[in-house]
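# Descriptive analysis of the structure
One-letter residues, chain by chain:
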Amino acid sequence: MYRVTIINDDVETVIHSEVNTKDSPTLSDGTIKQAINKIDTFSFTILPNNPGYELIRPLRTLIKVLNTKTGKIEFEGRVLFPKESMDSDGLFGKSFVCESELGYLNDSCQRHGEYHDISVREFLEIIIENHNKDVAGDPIDKTFVVGEVTVSTSTGRLYRYLGYEPTFDTIKDKLIDRLGGELRIRKENGIRYLDYVESFGEVKNTEIRLAKNLISIEKEVDATEVITRLVPLGTQIESEDEGATDASPARLTIEEVNDGKDYLVDEETEKAIGTIIVRSHVWDDITLPENLKARGEEYLRENNRAKIKHEVSFLDLSLIGLDPDSIDLGNWYPVINPVMNIDEVLRVVEKTIDIVNPENGNISVGDLFKTMSEYQSDVNKSTQKVVELESIIGKQRQTIRVLREELKQVDQAVESINKAIDDMDIDALNEAIDTLEQAIQN
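### What about the pairing of strand 11 (residues 182-188)?
- With seven bridges joining them, strand 11 and strand 12 (residues 191-197) adopt antiparallel strand pairing. Looking at the pairing, I185 lines up with L194 of strand 12.
- Remark: two residues form the turn of the hairpin made by strand 11 and strand 12, two consecutive strands paired antiparallel; N189 in that turn has positive phi of roughly 50°.

### Let's talk about empty space enclosed by the protein
- Applying the stated criterion to the full structure yields two cavities of 30 Å³ or more.
- There is about 30 Å³ of room inside the second largest cavity.
- The wall of the second largest cavity is formed by T206, N213, F314, L315, D316, L317, S318, D323, D325 and I327.
- Its residues assigned to classes, the lining of the second largest cavity shows four nonpolar, three polar and three charged.

### Regarding the pattern of salt bridges
- Tallied over the entire structure, the rule returns 30 salt bridges.
- Where D134 meets R111, a salt bridge forms, and the shortest distance between an N and an O atom there is 2.8 Å. Here R111 lies in the loop between strand 7 (92-100) and strand 8 (113-118) and D134 lies in helix 1 (residues 120-135), a separation of 23 residues in the sequence.
- By relative accessible area, R111 is classed as partly exposed at 37%.
- For D328, the salt bridge goes to K351, with nearest N and O atoms at 3.4 Å. Placement of D328 in the loop between strand 18 (306-315) and strand 19 (332-337) and of K351 in strand 20 (residues 342-354) is noted, with a sequence separation of 23 residues between them.
- With a relative accessible area of 18%, D328 lands in the buried category.

### What to know about the sheet that holds strand 15 (residues 229-233)
- Taken in spatial order, the three strands of this open sheet run 16-15-17, and their pairing is mixed. Looking at strand neighbours, the two that pair on one side only are strand 16 (264-265) and strand 17 (278-282), the edges of this open sheet.
- Alignment of strand 15 against strand 16, held across two bridges, turns out to be antiparallel. Paired with L230 across the two strands is L264, which belongs to strand 16.
- Packing of helix 4 (residues 289-303) onto the sheet brings it into contact with strand 15, strand 16 and strand 17, and relative to strand 15 it is tilted by some 140°.

### A closer look at helix 2 (residues 167-179)
- The first and last C-alpha atoms of helix 2 sit 17 Å apart over 13 residues, in line with the 18 Å expected at 1.5 Å per residue.
- At D173, helix 2 shows its maximal kink, close to 35°.
- Buried residues of helix 2: T167, F168, T170, I171, K174, L175 and I176, and no others.
- Residues of helix 2 that are buried sit in contact with helix 1, strand 10 (158-162), strand 11 and strand 12.
- Where helix 2 terminates, the next one or two residues include G180, which has phi positive at roughly 80°.

### Some remarks on the packing of aromatic side chains
- Following the criterion strictly, the structure yields six aromatic pairs and no others.
- Taking the centre distance of 5.4 Å and the plane angle of 25° together, the rings of F44 and F96 count as stacked. Here F44 is found in strand 4 (residues 41-46), whereas its partner F96 is found in strand 7, with 52 residues between them in sequence. In this structure, F44 and F96 share a single accessibility class: buried.
- In textbook terms, an aromatic cluster arises when at least three aromatic residues are bridged by ring pairs, as seen for F42, F44, F75 and F96.
- In this structure, K94 packs its charged tip against the face of Y53, placed 4.5 Å from the ring centre.
- In this structure, R192 packs its charged tip against the face of F144, placed 5.4 Å from the ring centre.

### Notes on the side chain of N50
- With respect to the helices and strands, N50 occurs in the loop between strand 4 and strand 5 (62-67).
- On the accessibility criterion, N50 (5% relative accessible area) is buried.
- The residues contacting N50, other than those within four sequence positions of it, are I15, P25, T26 and L27.

Conventions used here
Residues numbered from 1 in each chain as written. Predicted model: local features only at pLDDT ≥ 70, side-chain atom pairs only at ≥ 80, totals over all residues. Heavy atoms only, no water. Pairing = 2+ DSSP bridges. Helix = DSSP H or I, 4+ residues; strand = E, 2+ residues; numbered from the N terminus. 1 Å grid on protein atoms, 1.4 Å probe; cavity = no way out; pocket = protein on both sides within 12 Å on 5 of 7 lines; lining within 4 Å. Points joined across faces, edges and corners; volume = space filled by probe spheres on them. Nonpolar A, V, L, I, M, F, W, Y, C, P; charged D, E, K, R; others polar. Salt bridge = Lys/Arg side-chain N within 4 Å of Asp/Glu carboxyl O. Buried < 20%, exposed > 50% of the residue type's maximum accessible area, 1.4 Å probe, protein only. Contact = heavy atoms within 4.5 Å. Axes fitted to C-alpha atoms, helices over the stretch in contact; angles between N-to-C directions. Expected span 1.5 Å × (residues − 1). Bend = angle between axes of the 7 residues up to and from the residue. Phe/Tyr/Trp six-rings, centres within 6.5 Å; stacked < 30°, edge-to-face > 60°. Lys NZ or Arg CZ within 6 Å of the ring centre and 35° of its normal.

Written as structure tokens, this is what we have:
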């Protein structure tokens, strides 16, 4: 299902084949980790009998993982560093960690600049132009072209400084952390585009459901960004003290339109968590206190939430045609577990792919945002349903055992077909095809 290829000076070598025969190169293990707005990684172990064992050079060797079932490239990047090992049986091997092409943005740094009245796209183009200048002439093409940009500000304009930080850190600090949005690499006609969009992905109908394909689920609640009182800050204002050298300039506040208080209170959240947490937020483009207060109130409504993330292990039933879609990063899927009071359409924000055992999937779904009172209500509901857990889990385990056996039968049948083809044994080939058809029908 997965083909892994390394590239040295445009020469390609397959180190893991989707065809399972005795002469096909294989990796003993391989794991891809994908995440939104992070540099993807691919870790694998290669043994001395593999044709690529002596060909891998850190930082120079490129690597690509192709899903031959879907035609999608799941990983593309470079090898970072090796680790050699010998196990208790005296077996030698090398393990490598690779990073995706987004990591090329760590090979350059920005240059100092001050930019006024500039659009998000124009600012990103300046950042990428600086990057491309730094990596020009590298034998590996690390350049980008700014592609689709849909992220903007309330005014459509920015006021930003650039320092000498690495390019990836600059994009994260100056754009993503302040405006939101997501990065995506897209290849068209040999051109590597860097898109900066509000979000990517689609809503799918394939369910991740208890007693169907859900193996395990772990719920994590992150309330570290929840606040109860917000101090909204607007544009910088001139200091009356001409000799002031304070590095933090005075800013517009809401005191004159908020009964003398410079903060807003989220009373519902403060009551739910039983404590006071104060934070500030800056809007450089707001010059009127009444507009600043309105924006602060909107910020509390829309952003003051606990992040709820679910770690999910599941069985990929699309491999045997029982589900129409595979589970992909960025897409939304119904996640259903009545015992934990989970019945939400959630987004895949992280995904782990095992290229050796592809039926075993692992994802993080979220971030689902809920008010603290909503979260407390969910806790109460889930507690009432715990008594149902034992019977449902028993049924689930039995279903998953059957599905695992079906996947194993399909793999064995495919292996028999490949062997019959290698041996040019027509009778064995027909028998293996019949076995495969029966396994799929079951």
